[in-house]
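Examination of the molecular architecture
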Amino acid sequence: MKRNKAEYLVFHSVESMWKFMGKKWKEISLAAIRENGFFSVALSGGKTPIGLYQYLASLKGLPWIKTHIFLVDERFVPATDTDSNYRMIRETFLNRISPASENIHPVSTDEPSLQESARRYEEELRAFFELQPGGLPHFDMILLGLGEDGHTASLFPGTKALKERNHLAAPVMLETALHDRITLTLPVINNAGNVFFLVKGASKAEVLKKLIDEKDRTLPASMVRPEKGRLFFLMDKEAGSKLKEVQ
Ligand code: 6PG
């Protein structure tokens, strides 16, 4: 089966990028609810999406009751830690829309080990999506960030998690980062209906050039290629400033 082509969109301001994302969120969530009765989305941490989460929380008419929110990845720290992605998403987004607790699916970092935390998250995914052995969750939407080294989610260059084909969630141990992490794996990301990379700022211009113009297949982000879903790259003009193809 032929994959959909990636769609590249450059925005003149971050505000217009969030406005576009708000429209997409509405369109995709309402269609998913019409079709399956609920909308499932996995959100990234990091700094880039903070403004988006605040914007989404201010929108009227989004179907929060039928929306289920998961995390793309998490740092192995308590949920109260300032480096916790769940904490950031709570403070910028969830506290403002007050969803029912059963609609929120954080990664439990209250476990005795990183491996146990990944195992519990996988269990949560299996139970929610009612998966048979070997089955994959189908997220309606996944929002991803992009690191300057080409990582996305917590899929970092050279890590074992990049090669994971059997598990839905994987532990990631990093020598270079402050915290170990838990991440959704590539088979899960590539089984989603809609995957959005959200990229802003001049510091990401070089990696976007490698990824899009130079087609550097060693970058973890280049391994995100949804089997049947759609793939979008949303970027502000600073992030897109070194690209030839999409100007
Ligand atoms: C995280 C992520 C990670 C992030 C990129 C980009 O937990 O940090 O989910 O993949 O999206 O590192 O981070 P910034 O948005 O902060 O540049």
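Residues numbered from 1 in each chain as written. Predicted model: local features only at pLDDT ≥ 70, side-chain atom pairs only at ≥ 80, totals over all residues. Heavy atoms only, no water.

A word on the sheet that holds strand β3 (residues 67-71). Taken in spatial order, the seven strands of this open sheet run β1-β10-β9-β6-β2-β3-β5, and their pairing is parallel. Edge positions in the sheet fall to β1 (7-11) and β5 (104-105), since each of these pairs with one other strand and no more. With three bridges connecting them, strand β6 (residues 141-144) and strand β9 (residues 194-199) associate as parallel partners. Note on β9: the bridge partner recorded for Ile-142 is Val-195. Packed onto the sheet, helix α6 (residues 205-213) meets β1, β9 and β10 (230-236) and runs at close to 150° relative to β10. (Pairing = 2+ DSSP bridges. Helix = DSSP H or I, 4+ residues; strand = E, 2+ residues; numbered from the N terminus. Contact = heavy atoms within 4.5 Å. Axes fitted to C-alpha atoms, helices over the stretch in contact; angles between N-to-C directions.)

Our next topic: the environment of His-167. Locating His-167 in the fold gives a position in the loop between β6 and β7 (169-172). The spacing of His-167 and Asn-4 is 163 residues in sequence and 25 Å in space, taken between C-alpha atoms. When near neighbours in sequence (up to four residues on either side) are disregarded, His-167 contacts Glu-122 and Thr-185. Looking at His-167, its side chain comes within polar contact range of the side chain of Glu-122, at 3.1 Å. (Polar contact = N/O pair within 3.5 Å; in protein donor to acceptor, adjacent residues only side chain to side chain.)

Let's shift gears to the packing of aromatic side chains. By the definition in use, this model includes 15 aromatic pairs. Both rings, one in Tyr-8 and one in Phe-233, keep their centres 5.3 Å apart while their planes meet at 25°; by these two values the pair is stacked. Placement of the pair is Tyr-8 in strand β1 and Phe-233 in strand β10, with a sequence separation of 225 residues. Taking the relative accessible area as the measure of exposure, Tyr-8 reaches 31% and is therefore partly exposed. (Phe/Tyr/Trp six-rings, centres within 6.5 Å; stacked < 30°, edge-to-face > 60°. Buried < 20%, exposed > 50% of the residue type's maximum accessible area, 1.4 Å probe, protein only.)

Contacts to the ligand come from 15 residues, most closely from Thr-48, Arg-75, His-151, Ala-153 and Lys-204. Contact between the ligand and Arg-181: an oxygen atom at 3.5 Å from a side-chain N or O atom of the residue. Side-chain polar atom of Lys-204 to an oxygen atom of the ligand: 2.7 Å apart, as the coordinates give it. Summarising the interface, the protein chains cover 88% of the accessible area of the ligand, which totals 410 Å² for the free molecule. (Near = heavy atom within 4 Å. Areas by Shrake-Rupley, 256 points an atom, 1.4 Å probe, with all protein chains shown as cover.)

Consider a sheet: its strands pair through backbone hydrogen bonds, and that pairing is either parallel or antiparallel. Spatial strand order, β4-β8-β7: three strands in an open sheet with antiparallel pairing. Of all the strands in the sheet, the pair left with one neighbour each is β4 (73-75) and β7. Taken pair by pair, the neighbouring strands of this sheet meet at an average axis angle of 15°, ignoring direction. Relative to strand β8 (residues 181-184), β4 runs antiparallel, the two sharing three bridges. Following the sheet pairing, Arg-75 is matched in β8 by Arg-181.

Before going further, it helps to examine the packing of helix α1 (residues 14-36) against helix α2 (residues 50-58). One way to put it is that α1 packs onto α2 with a least axis distance of 10 Å and a crossing angle of 55°. In terms of orientation, α1 lies oblique with respect to α2. Here the hand of the crossing between α1 and α2 comes out right-handed. Residues Trp-18, Lys-19, Met-21, Gly-22 and Trp-25 of α1 form the contact with α2, whose own contacting residues are Gly-51, Leu-52, Tyr-55 and Leu-56. Here the residues of the contact of α1 with α2 sort into six nonpolar, two polar and one charged. (Parallel < 35°, antiparallel > 145°, perpendicular 65-115°, else oblique. Left-handed = near helix turned anticlockwise from the far one by under 90°. Nonpolar A, V, L, I, M, F, W, Y, C, P; charged D, E, K, R; others polar.)

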